[in-house]
Amino acid sequence: MSMTRRARVVVVGAGFAGLEATRELAKGGALVTLVDRKPYSTFQPLLYQVATASMGTSDVSYPIRTFAARWPNVRARRAGLSKVLAEERRVELDDGSSLEYDYLVLATGVTTNWLGVAGARENALPIYSLNDAANLRRRLQQCLEDTATGRREGTHVVVVGAGPTGVEVAGTLAELRWRTLPLTHPEIKPSQTSVSLVERFDYVLAPYKPRLRDAAAAALRRRGTRLHLGSTLASVEPDAVVLTDGTRLPSDLTVWALGVTAPDDVADWGLPQGKGGRITTTQELRVPGHPEIFVAGDLAGPPEPLPQLAQPAIQMGKHVGRQILAAAQGRPTQAFSYDDPGIMATVGKLEAVLQFRNGMTMRGVPAWLVWIFIHVAYLLGGRNRVSVLLNFFWRYFGPRRSATSVTQ
């Protein structure tokens, strides 16, 4: 696509939405600068695999400069966004530099929402970033080592939140507990470890149909997970999770999988915000009053709220890229329409649930295989795809003692 004057576009954020927007803009001939605080993009749906030591950090991350190098009209910058000077069409970065733009795409994503629960921020471990996952893995490995050598009485894990992330973390940890630890840590007695899942609803996986919820809950129980459904959190202490009914769950590691919100610094950008701190947008994903600024991904707050998942972010990023190209050529822009492909979650080996938008469902081995291959397909880089695929099958069908082969 040719342009009489190529549009200068700054894309802030190298998550699903930012990468898709950059891809579309690059193919259309725009001059793109992709900005992110980190030098890599993270494949968040597999962070729990990093946290449970079945994958390394390099398996689920991809260098931003390597991505940008695919197109001669794309440049990458490692920096954070400090200010949006909308009237000047310029952004200031935290390294002291600034970038001018014709169009701006904000796709920085969101961060952990502690929901005002006392002690949660201080005592719980989030699992939203690559650093979060690596930190959880280190803490888990250290707790197990201390338990094996008698320096700690046990390793009890409480996962808070039974959405897809919470279910996947709890299921994987439960499998690790009964399948792998007897071989790798024979000093630890079964009574010294446990995995509990706390959820305020009376069921897991709230967006799913009841039969899939029940199937996932049954699969968790078969793996030894203790389900505390219909339980509201009161506080998180260094060694326990306390429920509003007074129940105290011993916890050496509390995993927080319970919601996201916009980072505090978004308020400094001077743009309108709505529920959860999301930036308010029009149906076209433009900021009201600033048609040259688009928002995509979890940070976007269109009139009709969308789930904060990978697929909406991917589709929003692609849409934003196409609308900028249209606007740069003087063509009309279009409203965003989400094409829901369905939702899925895995519980562990040979067990997953899949719900299509037409209401059809799938569970068990077929859903598990679909889950694996869809996740592998969306990874960046051939090496990552091969590595992750091998890791999956080696973990579940290789020697049990090798299920936690990642050490750092």
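Above: the structure in question.
Residues numbered from 1 in each chain as written. Predicted model: local features only at pLDDT ≥ 70, side-chain atom pairs only at ≥ 80, totals over all residues. Heavy atoms only, no water.

Draft legend 1. Spotlight on the packing of aromatic side chains. A complete count under the given rule lists five aromatic pairs for this structure. Aromatic side chains F16 and F43 sit 5.6 Å apart centroid to centroid with 80° between the ring planes, which places their arrangement in the edge-to-face category. Linking F16 in helix α1 (residues 16-27) with F43 in the loop between β3 (40-42) and α2 (47-51), this pair joins segments that are 27 residues apart in sequence. With a centroid separation of 5.4 Å and 45° between ring planes, the pair formed by W114 and W256 is classed as tilted. In this pair, W114 sits in the loop between β10 (111-112) and α4 (120-123) while W256 sits in strand β18 (residues 253-256), placing the two residues 142 residues apart along the sequence. As far as the burial class goes, W114 and W256 line up, both buried. We note R213 situated over the ring of Y203; from NZ or CZ to the ring centre the distance is 3.9 Å. (Phe/Tyr/Trp six-rings, centres within 6.5 Å; stacked < 30°, edge-to-face > 60°. Helix = DSSP H or I, 4+ residues; strand = E, 2+ residues; numbered from the N terminus. Buried < 20%, exposed > 50% of the residue type's maximum accessible area, 1.4 Å probe, protein only. Lys NZ or Arg CZ within 6 Å of the ring centre and 35° of its normal.)

Draft legend 2. Quick look at the sheet that holds strand β11 (residues 125-126). Read from one edge of the open sheet, five strands run β11-β18-β12-β13-β14, paired in parallel fashion. Every interior strand has two partners, whereas the edge strands, β11 and β14 (226-229), have only one. (Pairing = 2+ DSSP bridges.)

Draft legend 3. Structural context of unusual backbone geometry. In this structure, A53 is a non-glycine residue whose phi angle is positive, near 70°. By the secondary structure assignment, A53 is in the loop between α2 and β4 (61-63). Residue classification places A53 among the buried positions, given a relative accessible area of 3%. Positive phi outside glycine occurs at L350, with the angle close to 60°. Looking at the secondary structure, you find L350 in the loop between β24 (343-348) and β25 (351-355).

Draft legend 4. Representation of the pairing of strand β7 (residues 90-93) in the model. Pairing geometry for strand β6 (residues 81-85) and β7, over four bridges, is antiparallel. Along β7, the bridge assignment pairs L81 with L93. In sequence, β7 turns back onto strand β8 (residues 98-100) through a hairpin of four residues, with G96 there showing a positive phi of about 90°.

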